[in-house]
Amino acid sequence: RNRTSIWLEIVLNSQSDSALREYLLTANKRLDDDLEELIRDMQARGLVSKNRDPKLEAHALHAVIDGLSLHTMTSHSVTTPSMIKKIVSAQVQELCH
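Residues numbered from 1 in each chain as written. Predicted model: local features only at pLDDT ≥ 70, side-chain atom pairs only at ≥ 80, totals over all residues. Heavy atoms only, no water.

**Considerations on the overall build of the protein**
Counting secondary structure elements, the protein contains 4 helices and 0 strands. For the protein, the N- to C-terminal ordering of α and β elements is α-α-α-α. Dimensions along the principal axes, computed over C-alpha positions, put the protein at roughly 45 × 35 × 15 Å. Of all 97 residues assigned to the protein, the portion counted as buried reaches 24%. Counting contacts in the protein only where the partners sit at least 6 residues apart, residues at least 24 apart contribute 48% of the total. For the protein, the separation between the mean place of its 12 positive charges and that of its 13 negative charges on side chains is 6 Å. (Helix = DSSP H or I, 4+ residues; strand = E, 2+ residues; numbered from the N terminus. Buried < 20%, exposed > 50% of the residue type's maximum accessible area, 1.4 Å probe, protein only. Contact = heavy atoms within 4.5 Å. Lys, Arg positive; Asp, Glu negative; His and termini not counted. Charge placed at Lys NZ, Arg CZ, Asp CG, Glu CD.)

**So, the confidence of the model for the protein**
Looking at the protein as a whole, the pLDDT averages 92, with 99% of positions reaching at least 70. Ranking the helices and strands of the protein by mean pLDDT puts helix 2 (residues 18-44) first, with 96, and helix 1 (residues 2-13) last, with 86. (pLDDT = per-residue confidence, 0-100.)

**Examining the environment of Asp33**
With respect to the secondary-structure elements, Asp33 resides in helix 2. For the pair formed by Asp33 and Glu94, sequence separation is 61 residues and the distance between their alpha carbons is 20 Å.

Shown next, in the form of structure tokens:
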């Protein structure tokens, strides 16, 4: 939760701090790129259909990660590490079909 609270602080402060905004944009782009590369690799291995758009799927996974991060801060008794693993696993399983 400490990392999540730092991330949320950066998000909030990036609205008025151009350096933080640039940092956040760069970090988000890096995560999108890494997820897209992972999905392309999974496609090359036959784990994900070639019909799936890697860029779109990367953005969707990023959104899930962002949402889970927020939920760990606002409802941490419900959004447990075990629950997070189940949700991410379900998302990856869906991607592989």
